Amino acid sequence: MTWNNYHTHTYRCQHATGDVIDYARQAMHAGSRIIGISDHTALPDNRWKDVRMTFSELDHYDQAFVTAKEELPEITILKGMECEYLLEYHTFYEDELLGQRKFDYLVGAGHYVHVKGEWLSSFSYLNTPAALLFYARYLCTMMESGLFAFIAHPDLFGTCNQHWNSDIDACARDILETAQRTKIPLEINGNGFRRPEVPDVDGTPRAAYPWRTFWELAAEYDITTICNSDAHEPSDVLSNIEDGRALAKACGLRVLDNLTVSASTNHQNRCF
């Protein structure tokens with residue numbers, strides 16, 4: 001069976017290759033019916049500009065979807081963005097992206113944590129009680145905002161922690177409880193399988209994320225998962241989705257196959 005992918009990046013984020021049409025063509029040839037493109041969002045103040053498109057590129061991103069849809073009518077191409085969430089961006093996301101520009105969906109993600117007055121990378125600094133507490137609150141606020149179709153790689157703390165501990169457990173439970181309450185799906189992210197492995201508690205290598213312990217804990221909650229590739233080059237447009245689904249099945253988790261969205265905050269997610 002061929003799956004759909006809703007987490008895809010273009011060259012504009014400065015750490016990926018390919019454009020909308022390249023991913024759509026690759027997905028179509030693989031048998032997908034839907035491809036969602038969700039590059040790192042442009043921000044009005046160009047914050048974190050080294051890992052995302054500039055605000056001036058937003059019109060060009062829009063046009064890339066128009067071009068791809070005209071050339072490839074055989075596949076549904078959804079227009080999305082992967083977003084950090086701060087209250088100061090709420091109106092931009094809601095009114096301009098989902099409203100004026102009619103984006104199909106937004107993805108919430110916590111690539112940074114604010115600790116000791118600095119924004120630091122979640123890939124390296126999610127290893128202290130303060131950082132984990134911030135991260136949990138950050139993702140919970142995203143879910144409560146009602147803007148996001150799903151939350152990307154919620155178990156990102158697996159990149160910089162070898163041992164599961166009480167602080168990680170509390171962080172995970174806060175995220176899972178909020179996902180259950182808000183009914184926002186959590187992503188099992190395929191890109192984590194492609195990143196360098198990290199040592200598990202017994203010294204054996206494991207994926208940086210998805211961290212199996214997190215997803216075993218997730219089985220205690222009434223949540224939905226979505227499995228995506230997080231592709232950064234066209235050849236990876238469907239990579240490791242099957243691995244994510246296998247993990248979900250092993251943990252007894254419900255998986256969302258198709259993301260049904262609309263260009264508003266009233267998106268709907270359904271399991272098919």
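Shown above is the structure to which this text applies.
Since this is a predicted model, take the numbers as computed values, not measurements.

Draft legend 1. Just the nonpolar core, in detail. Tyr 93, Phe 157 and Leu 186 are the most contacted members of the largest nonpolar core, which has 80 residues in total. When residues in this core are grouped by element, the largest group, eight residues, is from helix α5 (residues 129–145). When sequence neighbours within four positions are dropped, the list of residues in contact with Phe 157 reads Leu 126, Leu 132, Tyr 135, Trp 164, Ile 168, Cys 171, Ala 172, Trp 211 and Phe 214. Core analysis: the second largest hydrophobic core is formed by twelve residues, Leu 78, Val 107, Ala 109 and Leu 256 among them.

Draft legend 2. Structural context of helix α1 (residues 20–29). Buried within α1 are the following residues: Val 20, Ile 21, Tyr 23, Ala 24 and Ala 27. The buried residues of α1 occupy an angular sector of 160° when the element is viewed end-on, so they sit on one face. Where the residues of α1 are buried, they touch β1 (34–40), α2 (58–71) and β2 (76–83). Positive backbone phi, at 105°, marks Gly 31, one or two positions downstream of α1.

Draft legend 3. Structural view of the packing of aromatic side chains. Under the defined criterion, the tally for this structure stands at 20 aromatic pairs. Their ring planes at 55° and their centres at 5.9 Å tell us that Phe 55 and Phe 92 sit as a pair that is tilted. Within this pair, whereas Phe 55 is found in the loop between β1 and α2, its partner Phe 92 is found in helix α3 (residues 90–100), the two being separated by 37 residues in sequence. Its relative accessible area of 9% is what places Phe 92 among the buried residues. Cluster of aromatic residues (ring-pair linked, three or more members): Phe 55, Tyr 85, Tyr 89, Phe 92, Tyr 93 and Phe 148. One Lys or Arg, Arg 47, reaches over the ring of Trp 48 and ends 5.2 Å from the middle of that ring. When the ring centre of Trp 3 is taken as origin, the NZ or CZ atom of Arg 245, which lies over that ring, is 3.7 Å away.

Draft legend 4. Main features of the environment of Cys 171. On the secondary structure map, Cys 171 appears in helix α6 (residues 166–182). Look at Cys 171 and you get buried, because its relative accessible area is 2%. Ignoring any residue separated from it by four or fewer positions in sequence, one finds Cys 171 in contact with Leu 132, Tyr 135, Ala 136 and Phe 157.

Draft legend 5. Quick peek at the environment of Val 51. Within the secondary structure layout, Val 51 lies in the loop between β1 and α2. The spatial distance from the C-alpha of Val 51 to the C-alpha of Gly 117 is 21 Å, given a sequence separation of 66 residues. Dropping the residues within four chain positions of it, Val 51 is found in contact with Cys 13, Gln 14, His 15, His 40 and Tyr 112.

Each value, and the rule that gives it
- Residues numbered from 1 in each chain as written.
- Predicted model: local features only at pLDDT ≥ 70, side-chain atom pairs only at ≥ 80, totals over all residues.
- Heavy atoms only, no water.
- Core = buried A, V, L, I, M, F, W, Y, C linked by side-chain atoms within 4.5 Å.
- Buried < 20%, exposed > 50% of the residue type's maximum accessible area, 1.4 Å probe, protein only.
- Helix = DSSP H or I, 4+ residues; strand = E, 2+ residues; numbered from the N terminus.
- Contact = heavy atoms within 4.5 Å.
- Arc of directions from axis to C-beta.
- Phe/Tyr/Trp six-rings, centres within 6.5 Å; stacked < 30°, edge-to-face > 60°.
- Lys NZ or Arg CZ within 6 Å of the ring centre and 35° of its normal.

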